[in-house]
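This is what each chain is made of:
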Amino acid sequence: AAGVIQSPRHLIKEKRETATLKCYPIPRHDTVYWYQQGPGQDPQFLISFYEKMQSDKGSIPDRFSAQQFSDYHSELNMSSLELGDSALYFCASSLVQRTDTQYFGPGTRLTVL
Amino acid sequence: GENVEQHPSTLSVQEGDSAVIKCTYSDSASNYFPWYKQELGKGPQLIIDIRSNVGEKKDQRIAVTLNKTAKHFSLHITETQPEDSAVYFCAASPGSNYQLIWGAGTKLIIKP
């Protein structure tokens, strides 16, 4: 079965640079969630989109923004990167009728030097 | 808001024995409780979930029980195998939105 695809899988950036993470949800899934996971931590919810509109917002810094496109893929844009932004970033997708059942992608490991 | 507590933080069991991980939640309106397994460097994998209208659900060696009155739910893994070694997260969905509120995770170690 098709799963959530994330790219890139690994990303290394310098402080103050920008980064763009991409997420391709499971086919026919219309809701996308972004999470940040630090070492030894549980995933922290950042933001979610349903039908290309922001549906919920969590602890996403103002330096970050995200959007969902017409093909339902989503991009997380991160600017003015800080050392503390180094983490695993996961995207999850769900079908609106079962919106609380979220399926996670493999993640993008972001390292900020 | 909802708060989920998970215990223990680390659990070491002998291969073939059973493992039990427990979670409590605070918001009585929560109605969906998934369990995720996360292996090192990988994304969380949904292994089983339960909704508030059900008391128990089983899938082969994995079972989840829910006590709505006490506001706790548990993951049971029987006949543990080395590949069960991972971090397990419980979560709760408050129902007012579709955010998942996560427990802190349990590192399960299966000793050969």
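Residues numbered from 1 in each chain as written. Chains lettered and ligands numbered in written order. Predicted model: local features only at pLDDT ≥ 70, side-chain atom pairs only at ≥ 80, totals over all residues. Heavy atoms only, no water.

**Student:** Tell me what's going on with the overall build of chain B, and back it up with residues and numbers.
**Tutor:** Secondary structure summary: chain B contains 0 helices and 11 strands in total. Along chain B, helices (α) and strands (β) appear in the sequence β-β-β-β-β-β-β-β-β-β-β when read from the amino end. Expected size for 112 residues packed as a compact globule is a radius of gyration near 13 Å; at 13 Å, chain B falls within 12% of this value. Dimensions of chain B along its principal axes, counting C-alpha atoms only, are 45 × 30 × 20 Å. Per-residue burial over chain B gives 45% buried out of 112 residues. Summarising the internal contacts of chain B: among those between residues at least 6 apart in sequence, 53% fall at separations of at least 24. Carbon and sulfur atoms provide 48% of the accessible area of chain B, an area that totals close to 5,500 Å². (Helix = DSSP H or I, 4+ residues; strand = E, 2+ residues; numbered from the N terminus. Rg over C-alpha atoms; globule rule 2.2 N^0.38 Å. Buried < 20%, exposed > 50% of the residue type's maximum accessible area, 1.4 Å probe, protein only. Contact = heavy atoms within 4.5 Å. Areas by Shrake-Rupley, 256 points an atom, 1.4 Å probe, with all protein chains shown as cover.)

**Student:** Please set out the interface of chain B and chain A residue by residue, giving values where relevant.
**Tutor:** Every contact between the two is made by 20 residues of chain B and, on the other side, 21 residues of chain A. Both sides together, the interface formed by chain B and chain A hides about 1,500 Å², and carbon and sulfur atoms give 52% of it. Counting every contact that joins chain B to chain A gives 0 salt bridges. At the junction of chain B with chain A, the criterion picks out 4 residue pairs in polar contact (both at pLDDT 80 or more). For the side of chain B that touches chain A, the elements supplying multiple residues, two or more each, are strand 4 (32-38) and strand 5 (45-51) of chain B. Of the residues assigned to the side of chain B that touches chain A, the class counts are 9 nonpolar, 8 polar and 3 charged. (Buried area = accessible area lost by both parts, 1.4 Å probe. Salt bridge = Lys/Arg side-chain N within 4 Å of Asp/Glu carboxyl O. Polar contact = N/O pair within 3.5 Å; in protein donor to acceptor, adjacent residues only side chain to side chain. Nonpolar A, V, L, I, M, F, W, Y, C, P; charged D, E, K, R; others polar.)

**Student:** Could you give me a rundown of the pairing of strand 5 of chain B, with the residues and numbers involved?
**Tutor:** All names here are of chain B. Extensive coverage of strand 5 is indicated by the burial of 5 of its 7 residues. Looking at chain direction, strand 4 and strand 5 are connected through 6 bridges and run antiparallel. Within strand 5, the position partnered with Trp-35 by the bridge is Ile-48. Taking the residues between adjacent antiparallel strands as the criterion, strand 4 and strand 5 are bridged by 6 residues, where Gly-41 takes a positive phi near 75°. (Pairing = 2+ DSSP bridges.)

**Student:** Lay out the environment of Gln68(A) with the relevant residues and their values.
**Tutor:** Residue and element names in this part refer to chain A. Topologically, Gln-68 is positioned in strand 7 (residues 64-68). Overall, Gln-68 belongs to the buried group, its relative accessible area being 5%. As a C-alpha pair, Gln-68 and Gly-3 span 65 residues in sequence and 18 Å in three-dimensional space. The contact partners of Gln-68, leaving out residues within four places of it in the chain, are Asp-30, Thr-31, Val-32, Phe-49, Tyr-50, Glu-51, Lys-52, Met-53, His-73 and Ser-74. Separated by 3.4 Å, the side chain of Gln-68 and the backbone oxygen of Asp-30 make a polar contact. From its side chain, Gln-68 meets the backbone oxygen of Tyr-72 in a polar contact 3.1 Å long.

**Student:** Would you mind going over the sheet that holds strand 7 (residues 62-67) of chain B in detail, with residue names and values included?
**Tutor:** All names here are of chain B. The sheet built from 5 strands is open, its strands ordered 1-3-8-7-6 with antiparallel pairing. One side of each edge strand has no neighbouring strand; the edge strands of this open sheet are strand 1 (4-7) and strand 6 (56-59). Each strand axis lies, on average, 15° off the axis of its neighbour in the sheet, ignoring direction. (Axes fitted to C-alpha atoms, helices over the stretch in contact; angles between N-to-C directions.)

**Student:** I'd like a description of the packing of aromatic side chains, backed by residues and values.
**Tutor:** Summed over the entire model, instances satisfying the criterion amount to 13 aromatic pairs over all chains. Relative to Tyr36(B), the ring of Phe104(A) has its centre 5.2 Å away and its plane inclined at 80°; by these criteria the two rings are edge-to-face. Pair noted here: Phe104(A) is in strand 10 (residues 103-104) and Tyr36(B) is in strand 4, and the two residues belong to different chains. With respect to burial, Phe104(A) and Tyr36(B) carry one shared label: buried. Ring geometry for Phe33(B) and Phe73(B): centres 4.9 Å apart, planes at 50°, overall tilted. Separated by 40 residues along the polypeptide, Phe33(B) in strand 4 and Phe73(B) in strand 8 (residues 72-77) bring together distant segments of the chain. Each of the two residues, Phe33(B) as well as Phe73(B), counts as buried. An aromatic cluster is present here, built from Tyr35(A), Phe45(A), Phe90(A), Phe104(A), Tyr36(B), Phe89(B) and Trp102(B) joined pairwise through their rings. (Phe/Tyr/Trp six-rings, centres within 6.5 Å; stacked < 30°, edge-to-face > 60°.)

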